[in-house]
Amino acid sequence: MASALSRLICSWSSPRCWSLIPQYSTKFAANSRSRISICNIANPRVFVVNKYKIRECTFLKSVELDRFITSDDEDEMSEGFFEAIEELERMNREPSDVLEEMNERLSARELQLVLVYFSQEGRDSWCALEVFEWLLKENRVDKETMELMVSLMCGWIKKLIEGEHEVGDVIDLLVDMDCVGLKPSFSMIEKVISLYWEMGERGRAASFVREILTRGIAYAGDDSPGQKGGAAGYLAWKMMAEGNYRDSVKLVIDLRESGLKPEVYSYLIAMTAVVKELNEFAKALRKLKGFTKAGLLAEMDEEDVGYIEDYQSNLLSDGVRLSNWVIQEGGPSLYGVVHERLLAMYICAGRGLEAERQLWEMKLVGKEADGDLYDIVLAICASQKEGSAIARLLTKMEVTSFLQKKKTLSWLLRGYIKGGHFEDAAETVMKMLDLGLSPEFLDRAAVLQGLRKRSSQSGIVETYLKLCKRLCDASLIGPCLVYLHIKKYKLWIVKMV
């Protein structure tokens, strides 16, 4: 059977020794004194059986297995070990037959050494896998042997990636690992993606994920909350962790729309990336408005506003599409998480009505949102003067504590101020006074200032005077003089409030 392992076999054209330092395993630290040496001699088909002759070989490099083979183990290696190597090298019989025959003569340490020997460059690496498969069948794979084999396999995979082999070769090797029953305690798929990522090979990482999904290779991990969502989800998470939120979303959507089926949790990771992108976009808009207000930038024209709205709408559309896929392919246990992500999206986008709907959707599926989220949505709705939504959200306030009432009404007040609805803001201040609540100084000042600036509008003066009187009665402001100028009659009216 053609295998990716065959591509790792190098020519034996010169008498030399090969070295393999296992990767990624904490069992084999670089500072150990333990070492064994295995040599190649001029004729690769002639293996020196005598262990003393092996020691006398001149070698360039050695196999280092730290804290694995001690110097005493070299002295205690039996003749059976060398005979087993010779028989396996001849390749006249199946490795399993050779090992079965010599089972009684080989110790656990010697069997591990056989694995190491055939994992070297220039050896038949497939033989190492067959040896491991036999060990597994005979129930002779302990924790140390499993870690050794995983370490050797990681080294092979790293060499394939660093050697810029085809993505298919790497996947073939993963399949070979699975065939012989090698089950590491971590995901080899994630390890491969991480290796590509660390080398800056983003495109090859995406190609690897696409090929994994195309072949339908199972992901070694459970599909539960906290996981990265398999191959697609893990790569999307890597992108998101580096701040490439849009690329993360695009990856998952492109995979799904090309006919592949990413893991359900990859959709949730992509939805999180949508939330983060919307949040960063909102921050950028606030900075832009600040620069415009300070006169550093010109006002945005209709075309600019259109681009901004389109970009935000496209992000929201991607998030909704991802949420639909989660609901279609996931179970009811994920519904609450989906609505929670949608709620965060609409809050970041400043969509009050849509956000309010997600609050009730969460409640319907048994997932109660945090009280602060209700207040934030209330403020958004207030800024947009969504009266019906405000009334529905305020019903929750009736059964809350005194301090919570103040907090909720303060959010409502600030929402009105942000939206420029100062008459409604004044009504909210007076409602707080009726309940025995004292609005914050900055909030009161903002409402009074906003009303003064709009005093030319109908009804504003009456609201302003009424608010001043209520604040004075509550000892929140001192007595004040109100000046009213009637231009037609050139008349000034002064009134003490």
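Source: prediction; values computed, not measured. (Residues numbered from 1 in each chain as written. Predicted model: local features only at pLDDT ≥ 70, side-chain atom pairs only at ≥ 80, totals over all residues. Heavy atoms only, no water.)

Caption draft 1: The arrangement of the overall build of the chain in detail. Tallying secondary structure elements over the chain gives 22 helices and two strands in all. The proportion of buried residues among the 497 residues of the chain is 45%. In the chain, once contacts between residues fewer than 6 apart in sequence are set aside, the share between residues at least 24 apart is 68%. Accessible surface, the chain: about 25,700 Å² in total, of which carbon and sulfur atoms supply 51%. (Helix = DSSP H or I, 4+ residues; strand = E, 2+ residues; numbered from the N terminus. Buried < 20%, exposed > 50% of the residue type's maximum accessible area, 1.4 Å probe, protein only. Contact = heavy atoms within 4.5 Å. Areas by Shrake-Rupley, 256 points an atom, 1.4 Å probe, with all protein chains shown as cover.)

Caption draft 2: Fine view of the pattern of salt bridges. Tallied over the full model, the rule gives 23 salt bridges. The salt bridge partner of arginine 204 is glutamate 201, with a shortest N-O separation of 4.0 Å. For aspartate 443, the salt bridge goes to arginine 414, with nearest N and O atoms at 3.2 Å. With a gap of 29 residues between them, aspartate 443 in helix 21 (residues 441–453) and arginine 414 in helix 19 (residues 402–419) connect regions that are remote in the sequence. Taking the relative accessible area as the measure of exposure, arginine 414 reaches 38% and is therefore partly exposed. Look at the salt bridges and you will find they share partners, linking Arg246, Glu257, Asp318 and Arg321 into a network. (Salt bridge = Lys/Arg side-chain N within 4 Å of Asp/Glu carboxyl O.)

Caption draft 3: Just the packing of helix 11 (residues 230–241) against helix 13 (residues 264–293), in detail. Where helix 11 contacts helix 13, the two axes come as close as 8 Å, and the packing angle between them is 15 degrees. Taken together, the axis directions place helix 11 and helix 13 in an arrangement best described as roughly parallel. Crossing geometry of helix 11 relative to helix 13 is assigned as left-handed. Facing helix 11, whose interface residues are Ala232, Gly233, Ala236, Trp237 and Met240, helix 13 presents Ser266, Ile269, Thr272, Ala273 and Lys276. (Axes fitted to C-alpha atoms, helices over the stretch in contact; angles between N-to-C directions. Parallel < 35°, antiparallel > 145°, perpendicular 65-115°, else oblique. Left-handed = near helix turned anticlockwise from the far one by under 90°.)

Caption draft 4: Representation of the pairing of strand 1 (residues 481–486) within the structure. In this sheet, strand 2 (residues 491–496) lies alongside strand 1 in antiparallel orientation, the contact comprising six bridges. Within strand 2, the residue paired with leucine 484 across the bridge is isoleucine 493. Count of turn residues in the strand 1/strand 2 antiparallel hairpin: four residues, of which lysine 490 carries a positive phi of about 50 degrees. (Pairing = 2+ DSSP bridges.)

Caption draft 5: Region of the structure containing a nonpolar patch on the surface. A contiguous nonpolar surface patch, about 590 Å² in accessible area, is contributed by Leu481, Tyr483, Trp492, Val494 and Met496. Of all the secondary-structure elements, those providing two or more residues to the nonpolar patch are strand 1 and strand 2. Considering each element in turn, the nonpolar patch owes the most residues, three residues, to strand 2. Position of leucine 481 among the secondary structure elements: in strand 1. (Patch = residues over 30% accessible without salt bridge, like charges linked within 9 Å, V, L, I, M, F, W, Y side chains within 5 Å.)

Caption draft 6: Expanded view of the packing of aromatic side chains. Inspection of the entire model under this criterion finds six aromatic pairs. Over the ring of tryptophan 197 we find arginine 202, and its NZ or CZ is 3.8 Å from the ring centre. Of note, lysine 396 hangs over the ring of tyrosine 374, and the distance from its end group to the ring centre comes to 4.7 Å. (Phe/Tyr/Trp six-rings, centres within 6.5 Å; stacked < 30°, edge-to-face > 60°. Lys NZ or Arg CZ within 6 Å of the ring centre and 35° of its normal.)

Caption draft 7: Broad picture of the environment of isoleucine 417. On the secondary structure map, isoleucine 417 appears in helix 19. Considering only alpha carbons, one finds isoleucine 417 and glycine 450, 33 residues apart in sequence, at a separation of 8.1 Å.

Caption draft 8: Seen up close, the packing of helix 12 (residues 245–257) against helix 14 (residues 302–329). With their axes 11 Å apart at the nearest point, helix 12 and helix 14 run at an angle of 50 degrees to one another. Between helix 12 and helix 14, the interaxial angle falls into the category oblique. With respect to the hand of their crossing, helix 12 and helix 14 are arranged in left-handed fashion. Taken together, the residues of helix 14 that come into contact with helix 12 (itself represented by Arg246, Val249, Val252, Ile253, Arg256 and Glu257) are Tyr311, Leu315, Asp318, Arg321, Leu322, Trp325, Gln328 and Glu329.

Caption draft 9: Structural detail: the confidence of the model for the chain. Across the chain, the average pLDDT comes to 81, with 81% of residues at 70 or higher. Scored below 50 in pLDDT, residues 1–71 makes 148 contacts in the model with residues more than four places away or belonging to other chains. Long-range and interchain partners of residues 222–226, a stretch whose pLDDT sits below 50, account for six contacts in this model, where long-range means more than four residues apart. (pLDDT = per-residue confidence, 0-100.)

Caption draft 10: Representation of a negative patch on the surface. Taken together, Asp301, Glu302, Glu303 and Asp304 make up a surface patch of like negative charges. With a relative accessible area of 48%, glutamate 303 lands in the partly exposed category. (Lys, Arg positive; Asp, Glu negative; His and termini not counted. Charge placed at Lys NZ, Arg CZ, Asp CG, Glu CD.)

Caption draft 11: Spatial organisation of helix 5 (residues 108–119). Between its terminal C-alpha atoms helix 5 stretches 17 Å, which fits the 16 Å expected from 12 residues at 1.5 Å a residue. Of all 12 residues in helix 5, 10 are buried, a share of seventy percent or more. (Expected span 1.5 Å × (residues − 1).)

Caption draft 12: Up close: helix 20 (residues 422–434). In this model helix 20 runs 18 Å from its N-terminal to its C-terminal C-alpha over 13 residues, within 8% of the 18 Å that 1.5 Å per residue would give. Restricting attention to buried positions, one finds in helix 20 the residues Phe422, Ala425, Ala426, Thr428, Val429, Met430, Met432 and Leu433. Turning to helix 20, the residues buried within the fold contact helix 19, helix 21 and helix 22 (460–473). At the exit of helix 20 stands glycine 436, carrying a positive phi of roughly 80 degrees.

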